[in-house]
Amino acid sequence: MTITEETARPDLGRLRIGLLGPVRAWLDDAEVAVGPPRQQALLAVLATNANQVISRSELIDAIWGTEPPASAVGSVHTYVAGLRRALEPARKSFQVLVSAGSGYSLRLGPEGVDAERFTRYRQTARRLVADGDAEAALAEFEQALALWAGTPLGGIGGPFADIERQRLAELRLDVLEERAELLLTLRRPAQVVAALKDVLVDHPLRESTRTLLITALHQQGRVSEAKSIYQDGARLLDDRLGVQPGPALRRAYETLIDAGKPVEDVLPRVVPSQLPHDTRRFTGRGDELRRLDALLPVAGAVGGGSTVVITTIEGTAGIGKTSLAVHWSHRVRDLFPDGQVYLNLRGFDVTDKPVQPHDALYTLLSAFRVPSEKIPQGTQERSAMLRAVVAGRRMLMVLDNAVSTDQVTPLLPANQSCVVLVTSRNRLDGLVATGDGRQVTLGLFDEVDSSALLSSYLSPERVSDEREAFDELLALCAGLPLALSIVGARAWCSPNLPLAQFVDELRDAHFRLDALDTGDDAASSVRAVFSWSFDALTPAAKRMFGLLGLHAGPDVSRHAAGALADVTEDAARAQLDELVRAHLLELRADGRYQFHDLLRVYALERATSDESEAERDAAARRAVRWYMHAANQADRVMLTFKPVHNIIDPPPHWSFPAQADADEAKTWFMAEETNLVEAIRRAVEIGEHAVAWRLPQTMSSFWYVYNKRWELWNEMLHISLEHAVLDGNVNGEASAHSSLGIVANDLKRYDVAVDHYLRAIELFPQTDEKWLVGITYNSLGHTYVAMGRFPEAMAALRTAAEAYEESGNIWGRAWALQGTASAYNAMGDHEKALEYGRMTLAAWHDVDYKHGIGSGLNLLGEIHLAAGDYTSAIDYYDQAVQARQAINDRFGIANALRGKALAEWRAGLVDDARESYRRALPILTALESPELSAVEEQLAQLDAENP
């Protein structure tokens, strides 16, 4: 019987009961005495069941158990009377603790019992976690935990109190762990360690707490401590229970076996060495070097703290920030055995936007050879992955040309064993305000350092013989290291030119202001200085320099540069080396070339002034065509059996990087992805329709198999469709529609997918690429299966099989078999589905297509699951996970885990199912997959049915 809200209303707001500690009660804000222990026990029973009628016999059982004394009934009356006097003083009729039939009810409002409030805070927190509002969820968890005032139901005994005390204590531990999981996702491991260390002392056999503590210590880089925590737990479990650690605890330990592999998935141990070349003419900066050296003792001990050492090197353009950072980094690089990373954030590149943290994180993770398919889509998730990759390492990171604190913060590691140098023309006060950053502000060179730098380019005799001109050059350069370096390089390249001639050039007011203006707008103030180095180049290098200013991407290979200038590989290498020697281009450790941001502007100016519009247009067209040919060649290596659009052969003097196998081809796509996308956009700008439609379709295999960037892929394919039409190429138009259908199907936009497939089919009579017929009909069949349109699906799949057979495409035959198996499975004909499923797997093995093998294993898991053979389903899903892991197919891994979880759930393996779902969730979250919400709902349902 429930007491209604209407009858309970009079005093609901006045009374509050505390059970999360000693049993207590308050009327309004005044605490009232609740009597002896058994009276408190009776109050606890009624408060736990507020607004419900509890019979006298139930109260007696709760307080005394199965052998109550003869006086128990009278004692209940006494306790009720005592509580009424305390809770409703001066009342003759009672409205809070009321009699109802053979029992009593305590009438309370929704905030009346702290244990109930605790549960509501937890429910709200869980809902906020599901909604993605982590900070708000954390606040709810903390409000819940703040309600605790000691041992629940402290000081009272009896069966009810003993059971309820254990239940509430377990509930608190669950909330502590849920809060800890949230803190780990927010990268706050120190708070987790502080919260759980004492819990583990009191509950040493609680594996979930031990797992979270190990993970938190690992995030802090405290690998040895984390290993010790695991080993202590394993020993206790064996000694006391005779069991081994469970799967979650074992997995946490496995990530500790190699502290250099902190990411959940095993990655190769990579030691990046990306520092640009040091200059042998580095001069001065003794005080600054000593200040940087002072950082080293702090960074000396791995695990010595949780705060990364950050130093900002600040100053105006041309002041030598990068030179100082790189020079010092080379001096101390041996103290950082786990690698040195360099990244130009292009904060002041006037021809392009600064590198966004999202993209910078992609580049940094790639430096550790994290496969692109493992790199999350979200910025926060990428930042968390970078911290995990770097955890426990002694690393040096140089972040050059930062524009703001916000640009830098997501890129920072978390452990004190790392040192980060950040250079910027802006003051990055935000980094200092946090207490983590130190500032080194560079000023102009004094006369001694200026003289030393300029002298390093000249022979002692030349300085002595032309001392007056030398001194005037020092004055005109005004201590600006960049101006001194370029003047010196120009003089060094022209040993027979008198220094007085340079003085005459600088005396010109226009050139002097441009060279020596150290204001914020330094892009134009150093133009003349750049021109001196430019003028000393050979004609071929001058032309290469200007044309590189037309390149759209952030860096360039010598092969692409050769095509841009339309020269051989050897000629391109010679011209690029000349530009590097003249300090007009930077050569990175990976063999790629990039501009300093100011030099990029100057190069574009030179191209505009020195090259005709026709030549600039021709160079741009050569560049985008080179990327089309290069992507086509890499695609052929990556998927040897894939039919590729016929493309006219490139000019014979162009060169391309060699890729020995599919892994190298995939690596090339990863490195060039930004340049390839920029080439597509540039092709659109200049009306190079053949490239604009072919290049996105050539990249489709990379995006489909290895890098599920659906929205980018979709955008590029729409460009492909538009420009295939403009190019008048029906093959391209049909292929674009077919590929757009595949993307729409992946995104579960089935009607859109069907529309694209049918539009492709309408064009087939005008095409001559028969393999496209099979691909499109096969994909259409898959989409019809997903929509439940089985007769249409079977007809489409038959047509696909016929088309593949006609063209002799054995790769396509495997896809057709797989589609047919899926259709039979969806229709409930599991026997036929298994027959075709086994044929599918055999066909994939015949062509040795690893992605297909994983897909075939997953399909057999689906069929056995649908047939109710859960043991076989779990086995096939396990094999599918392993096959997908072998090729780093994150989406495939998550898909197999999702199927495995469902099979385990139906087999009654609830804990295993929950674990499989939880392994799939972070992968789908990182990919921003359309499957995410369904998996979250399934996991929530599983938890609700099996708390």
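Residues numbered from 1 in each chain as written. Predicted model: local features only at pLDDT ≥ 70, side-chain atom pairs only at ≥ 80, totals over all residues. Heavy atoms only, no water.

Visitor: What should I look at first to understand the overall build of the chain in this one?
Guide: Of regular secondary structure, the chain possesses 44 helices and 13 strands. Across the 947 residues of the chain, 56% fall into the buried class. Intrachain contacts of the chain at a sequence separation of at least 6 include 68% that bridge at least 24 residues. If you sum the accessible surface of the chain, you get close to 39,500 Å²; carbon and sulfur atoms cover 50% of it. (Helix = DSSP H or I, 4+ residues; strand = E, 2+ residues; numbered from the N terminus. Buried < 20%, exposed > 50% of the residue type's maximum accessible area, 1.4 Å probe, protein only. Contact = heavy atoms within 4.5 Å. Areas by Shrake-Rupley, 256 points an atom, 1.4 Å probe, with all protein chains shown as cover.)

Visitor: Is there a simple way to explain the environment of Pro930 in this structure?
Guide: Note that Pro930 resides in the loop between α43 (910-927) and α44 (932-945). Setting aside its immediate chain neighbours within four residues, Pro930 contacts Trp710, Asp746 and Leu747.

Visitor: I tried to follow the side chain of Ser720 on my own but got confused; where do I start?
Guide: Relative to the helices and strands, Ser720 resides in helix α33 (residues 710-727). Taking the relative accessible area as the measure of exposure, Ser720 reaches 0% and is therefore buried.

Visitor: Looking at this model, I keep getting lost on the sheet that holds strand β2 (residues 24-27). Mind explaining?
Guide: Backbone hydrogen bonds hold the strands of a sheet together, and the pairing may be parallel or antiparallel. Taking strand neighbours across the sheet as the criterion, the three strands line up as β1-β2-β3 in an open arrangement whose pairing is antiparallel. Edge positions in the sheet fall to β1 (15-18) and β3 (30-32), since each of these pairs with one other strand and no more. Ignoring strand direction, the axes of neighbouring strands in this sheet form an average angle of 30°. Pairing between β2 and β3: three bridges, direction antiparallel. Note that in β3 the partner of Trp26 across the bridge is Glu31. (Pairing = 2+ DSSP bridges. Axes fitted to C-alpha atoms, helices over the stretch in contact; angles between N-to-C directions.)

Visitor: It is not clear to me how the sheet that holds strand β6 (residues 103-106) should be interpreted in this structure. Could you clarify?
Guide: On the basis of which strands lie adjacent, the open sheet formed by three strands has the order β4-β6-β5 and antiparallel pairing. A strand with exactly one partner marks an edge of an open sheet, and here the two such strands are β4 (54-55) and β5 (97-100). Across two bridges, β4 lies against β6 in antiparallel orientation. Its bridge partner lying in β6, Ser55 is registered against Gly103.

Visitor: Would you explain the nonpolar core in this entry?
Guide: The tendency in soluble globular proteins is for nonpolar side chains to be buried side by side. Met544, Leu548, Leu579, Trp626, Phe669 and Leu695 are the most contacted members of the largest nonpolar core, which totals 142 residues. Per element, the largest residue contribution to this core is 11 residues, and it comes from helix α30 (residues 613-638). Apart from residues no more than four positions distant in its own chain, Leu548 is found in contact with Val556, Ala561, Leu564, Leu576, Leu579, Leu585 and Phe595. By size, the runner-up hydrophobic cluster in this structure holds 76 residues, among which are Ile17, Leu145, Leu212 and Ile229. (Core = buried A, V, L, I, M, F, W, Y, C linked by side-chain atoms within 4.5 Å.)

Visitor: Please explain the pairing of β5 as it appears in this structure.
Guide: It is a general feature of regular strands that their side chains alternate between the two faces of the sheet. Of the strand pairs in this sheet, β5 and β6 are connected by four bridges, and their pairing is antiparallel. The residue of β6 that forms the bridge with Ser99 is Tyr104. Between β5 and β6, which pair antiparallel and follow one another directly, the connecting turn spans two residues, one of which, Gly101, has a positive phi of 65°.

Visitor: Please clarify how the environment of Arg251 should be interpreted in this entry.
Guide: Residue placement: Arg251 occurs in helix α11 (residues 247-254). For the pair Arg251 and Thr211, spaced 40 residues apart in sequence, the C-alpha separation works out to 8.8 Å.

Visitor: Would you mind showing me how to read the pattern of salt bridges here?
Guide: Any two side chains of opposite charge can pair, given that their charged atoms come close. In the structure shown here, the tally under the stated rule is 38 salt bridges. With a closest N to O distance of 3.1 Å, Arg467 and Asp471 form a salt bridge. Here Asp471 and Arg467 lie together in helix α20 (residues 467-477), a separation of four residues that amounts to about one turn. Owing to a relative accessible area of 34%, Asp471 belongs among the partly exposed residues under this scheme. One connected set of salt bridges, linked through shared partners, spans Glu170, Asp174, Glu177 and Arg206. (Salt bridge = Lys/Arg side-chain N within 4 Å of Asp/Glu carboxyl O.)

Visitor: Which parts of the structure should I look at to understand the packing of aromatic side chains?
Guide: Each aromatic ring pair is described using two quantities: the centre-to-centre distance and the angle formed by the ring planes. Applying the stated criterion across every chain yields a total of 10 aromatic pairs. Taking 4.9 Å as the distance between ring centres and 85° as the angle between the ring planes, the aromatic pair formed by Trp626 and Tyr627 counts as edge-to-face. The pair formed by Trp626 and Tyr627 is uniform in burial state, with each residue classed as buried. Of the aromatic side chains, those joined through ring pairs into one cluster are Trp626, Tyr627 and Phe656. Here the basic side chain of Arg172 rests over the ring of Trp148, its NZ or CZ set 5.7 Å away from the ring centre. (Phe/Tyr/Trp six-rings, centres within 6.5 Å; stacked < 30°, edge-to-face > 60°. Lys NZ or Arg CZ within 6 Å of the ring centre and 35° of its normal.)

Visitor: It is not clear to me how helix α35 (residues 750-763) should be interpreted in this structure. Could you clarify?
Guide: In an α-helix there are 3.6 residues to a turn, and that puts residues three or four apart on one side. The end-to-end C-alpha distance of α35, which contains 14 residues, comes to 20 Å, matching closely the 20 Å that a straight helix rising 1.5 Å per residue would cover. For α35, the full list of buried residues reads Ala753, Val754, His756, Tyr757, Ala760, Ile761 and Leu763. Elements that come into contact with the buried residues of α35 comprise α34 (730-746) and α36 (770-787). (Expected span 1.5 Å × (residues − 1).)

Visitor: What's the story with the pairing of β1 in this structure? I'm lost.
Guide: In the sheet, β1 pairs with β2 via four bridges, with the strands oriented antiparallel. Within the sheet, the bridge partner assigned to Ile17 lies in β2 and is Ala25. Counted between consecutive antiparallel strands, the loop separating β1 from β2 contains five residues, among which Gly21 sits at a positive phi close to 150°.

Visitor: What exactly am I supposed to notice about the environment of Val463 here?
Guide: Here Val463 lies in helix α19 (residues 460-465). Residue classification places Val463 among the buried positions, given a relative accessible area of 7%. Apart from residues lying up to four places away in sequence, Val463 is in contact with Ser455, Leu458 and Phe470.

Visitor: Can you walk me through unusual backbone geometry in this structure?
Guide: A positive phi angle is found at Arg285, which is not glycine, with a value near 65°. Unlike most non-glycine residues, Asp566 shows phi in positive territory, near 60°. In this fold, Asp566 is placed in the loop between α27 (558-565) and α28 (569-581).

Visitor: Would you mind showing me how to read a nonpolar patch on the surface here?
Guide: Together, Leu205, Leu241 and Val243 make up a nonpolar patch on the protein surface, roughly 220 Å² of accessible area in all. Of note, Val243 is situated in the loop between α10 (223-241) and α11. For Val243, a relative accessible area of 35% puts it in the partly exposed group. (Patch = residues over 30% accessible without salt bridge, like charges linked within 9 Å, V, L, I, M, F, W, Y side chains within 5 Å.)

Visitor: Looking at this structure, I do not really get the packing of helix α2 (residues 37-48) against helix α3 (residues 56-64). What am I missing?
Guide: Axis separation between α2 and α3 bottoms out at 10 Å; the angle between their running directions is 125°. Regarding the angle of α2 to α3, the classification is oblique. As α2 runs across α3, the sense of the crossing is right-handed. Residue-level contacts link Arg38, Ala41, Leu42, Val45 and Leu46 of α2 to Leu59, Ala62, Ile63 and Trp64 of α3. A per-class count over the contact of α2 with α3 returns eight nonpolar, no polar and one charged. (Parallel < 35°, antiparallel > 145°, perpendicular 65-115°, else oblique. Left-handed = near helix turned anticlockwise from the far one by under 90°. Nonpolar A, V, L, I, M, F, W, Y, C, P; charged D, E, K, R; others polar.)

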